[in-house]
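Coordinate analysis (summary)
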Amino acid sequence: MKKEQVILMLCTIVIAIPLVQSVSEGPKAVKNWFKELPLKKQKSTNLHFYFHDTIAGPGQTAYQVFDSNITSTTMSQFGLGFMFDNPLTVDPEASSMRIGRGQGLFGSASLEVPRFLMNLNFVFTEGSFNGSTLQVLGTNPILSQVREMSVVGGTGVFRLARGIATAQPFFRNDTSTILEFDLVVLHY
Ligand SMILES: *[C@@H]1O[C@H](CO)[C@@H](O)[C@H](O)[C@H]1NC(C)=O
Ligand SMILES: *[C@@H]1O[C@H](CO)[C@@H](O)[C@H](O)[C@H]1NC(C)=O
Ligand SMILES: *[C@@H]1O[C@H](CO)[C@@H](O)[C@H](O)[C@H]1NC(C)=O
């Protein structure tokens, strides 16, 4: 191997490593992380991606897991719930780069206006947040153009995270919904 090639390889490695942010895992590493917390600076990270929810058909990723005795007789379909494992992509197209999954449970929790309870975990599997997760817990007014939900925690590089997630419908038909998510997250 020529000297220039070796140098080029080393440069590539040096550039590639900082792209993945990571923290040490395990009980000891977590204890140390908390010990060093007073020295850490809080930072703000913006995330933007698309969430693909498919409730029927070949690419189904969301499945009904419960309903209630009044689901069919209420306008809000009260008590209807789905478990989902939906892909997250950088662009609206389902074929664009996947950065993780949006996993959890949503269900109609309002007797009157359609409003869903969201228990949503963003599990990042690619890119700079690979291995880290964010937890969204909130109420989703599904007929609104903008739905604001709270980010209540995280793991990995998002330990002790809090923030706000906004979801906006990008596409919708009878079987698929694509939501555009914007998150602002404070973490260390
Ligand atoms: C719900 O419906 C089932 C089946 O019809 C019935 O057995 C049950 O008693 C109902 N429960 C309530 C709380 O109304
Ligand atoms: C993401 O992390 C997993 C587990 O550490 C690893 O196996 C995988 O190769 C990583 N993927 C990328 C794209 O870095
Ligand atoms: C809804 O849109 C998706 C994505 O474009 C498509 O695969 C699916 O066939 C559509 N479903 C219906 C019922 O039109």
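The numbers attached to residues start from 1 for each chain and follow its sequence in the written order. All chains are assigned letters beginning with A, and all ligands numbers beginning with 1, in the order in which they are written. Reporting of local features is limited, given that this is a predicted model, to residues whose pLDDT is at least 70; pairs of side-chain atoms are given and counted only at 80 or more, and all residues count toward the totals for whole chains, interfaces and linings. Side-chain measures were taken over the full set of non-hydrogen atoms in the model, leaving aside hydrogen atoms and water.

**Some details on the site of ligand 3**
Around ligand 3, the neighbouring residues are Phe171, Asn173, Thr175 and Ser176. In the analysis that follows, any N or O atom pair within 3.5 Å is treated as a polar contact, provided that within protein one partner can donate a hydrogen and the other can accept it, and provided that, for residues neighboring in sequence, both atoms belong to side chains. Note that an oxygen atom of ligand 3 is positioned 2.3 Å from one of the side-chain N or O atoms of Asn173. Within the side chain of Thr175, one N or O atom sits 3.0 Å away from a nitrogen atom of ligand 3. Within the complex, the protein chains bury 35% of what would otherwise be the 360 Å² of accessible surface of ligand 3. Its residues placed into classes, the shell around ligand 3 shows 1 nonpolar, 3 polar and no charged. Any residue with a heavy atom positioned within 4 Å of a molecule or strand is treated as near that molecule or strand. Computed with a 1.4 Å probe, the accessible areas rest on the Shrake-Rupley method; for each residue, only the protein chains presented here act as cover. Each residue receives one of three labels: charged for Asp, Glu, Lys and Arg, nonpolar for Ala, Val, Leu, Ile, Met, Phe, Trp, Tyr, Cys and Pro, and polar for the others, Gly being one of them.

**Topic: the pairing of strand β3 (residues 81–89)**
Classification of residues uses two cut-offs on accessible area relative to the type maximum, computed with a 1.4 Å probe and protein chains only: under 20% is buried, over 50% is exposed, and between them is partly exposed. What counts as a helix is a DSSP run of H or I of at least four residues, what counts as a strand is a run of E of at least two, and both are numbered from the N terminus. Among the 9 residues of β3, 7 are classified as buried, and the element is accordingly described as predominantly covered. When DSSP locates at least two bridges between a pair of strands, those strands are taken to pair. With 2 bridges joining them, strand β1 (residues 43–54) and β3 adopt antiparallel strand pairing. Across the sheet, residue Tyr50 finds its bridge partner in β3, namely Thr89. Note: strand β2 (residues 62–66) against β3, 4 bridges, orientation antiparallel. Across the sheet, Gln64 pairs through a bridge with Phe82, a residue of β3. Pairing analysis gives 9 bridges linking β3 to strand β4 (residues 98–108), with the strands arranged antiparallel. When the bridges of β4 are listed, Pro87 appears paired with Arg101.

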